[in-house]
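Given next are the chains, with one letter for each unit.
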Amino acid sequence: MQVQTKHYPKNCLLTVMDRYSAVVRNMEQVVMLPSFLRDMQLNGQGQQAQDGALDLYNCFTMLKAIRVDVDYGLLPREDWWSKVAGARAHEPEHEAAETEEDKEERVLGQLDLEAQFHLHFSSLHHILTHLILKAEEVTRKYQELLGQAM
């Protein structure tokens, strides 16, 4: 399937976001049976995933979840925090450490917003580019699996 993207400048974040959404949509269309991806290692030729390693199925579901955020925006902050809180147990010591870090981050944030913006912007650009490669790899591996199964 051909990936269509809008035309923005090459290093524009919107270009990378559009490309990521398009590549993941393509992956979703190609991968008709995601269960085939279970226990298959991301890097390697059809090998079983080792304990603790990210298998193709987990990578597939992660890429889809991130695409929803890229396409529709983030959850409101309160909803996001409640989602994170439900996923892990809070410890009182951990919360105290977070509030100190939050205060420090606020002070640093006021000092050099432009530098922080450039750091986060370039990091997001790099991460989305890396995720595009992962989505393309999941699609390719699935196609290889189907070729072996038939």
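Residues numbered from 1 in each chain as written. Predicted model: local features only at pLDDT ≥ 70, side-chain atom pairs only at ≥ 80, totals over all residues. Heavy atoms only, no water.

Here the focus is the packing of aromatic side chains. Under the counting rule described, the total for this entry stands at 2 aromatic pairs. Over the ring of Tyr57 we find Arg38; its NZ or CZ atom is 3.9 Å from the centre of that ring. (Phe/Tyr/Trp six-rings, centres within 6.5 Å; stacked < 30°, edge-to-face > 60°. Lys NZ or Arg CZ within 6 Å of the ring centre and 35° of its normal.)

With 17 residues, helix α2 (residues 56-72) should cover 24 Å at 1.5 Å per step; its first-to-last C-alpha distance of 24 Å lies within 8% of that length. Three or more residues of α2 are buried, namely Leu56, Cys59, Phe60, Leu63, Arg67 and Val70. The buried side chains of α2 occupy one side of the element, clustering within an arc of 100° when seen end-on. Among the residues trailing α2, Gly73 stands out with phi positive, at a value near 95°. (Helix = DSSP H or I, 4+ residues; strand = E, 2+ residues; numbered from the N terminus. Expected span 1.5 Å × (residues − 1). Buried < 20%, exposed > 50% of the residue type's maximum accessible area, 1.4 Å probe, protein only. Arc of directions from axis to C-beta.)

The subject of this paragraph is helix α1 (residues 13-30). The end-to-end C-alpha distance of α1 is 26 Å, a good match for the 26 Å that 18 residues give at a rise of 1.5 Å each. Buried residues of α1: Leu13, Thr15, Val16, Tyr20, Ser21, Ala22, Val23, Val24, Asn26, Met27 and Val30, and no others.

A few words on a nonpolar patch on the surface. A contiguous nonpolar surface patch, about 320 Å² in accessible area, is contributed by Met32, Leu33 and Phe36. Tracing the sequence through the fold places Leu33 in the loop between α1 and α2. Relative accessible area serves as the criterion here: at 43%, Leu33 is assigned to the partly exposed category. (Patch = residues over 30% accessible without salt bridge, like charges linked within 9 Å, V, L, I, M, F, W, Y side chains within 5 Å. Areas by Shrake-Rupley, 256 points an atom, 1.4 Å probe, with all protein chains shown as cover. Salt bridge = Lys/Arg side-chain N within 4 Å of Asp/Glu carboxyl O.)

Over the atoms a probe the size of a water molecule is rolled, and this reveals where empty space is left. Put simply, the largest pocket is a space of about 400 Å³. In terms of lining, the largest pocket is formed by Met17, Ile66, Asp69, Val70, Leu74, His120, Leu124, Ile127, Leu128 and Leu131. Elements supplying a minimum of two residues to the lining of the largest pocket: α2 and α5 (113-149). Of all the elements, α5 adds the most residues to the lining of the largest pocket, at 5 residues. In terms of residue class, the lining of the largest pocket is built from 8 nonpolar, 1 polar and 1 charged. (1 Å grid on protein atoms, 1.4 Å probe; cavity = no way out; pocket = protein on both sides within 12 Å on 5 of 7 lines; lining within 4 Å. Points joined across faces, edges and corners; volume = space filled by probe spheres on them. Nonpolar A, V, L, I, M, F, W, Y, C, P; charged D, E, K, R; others polar.)

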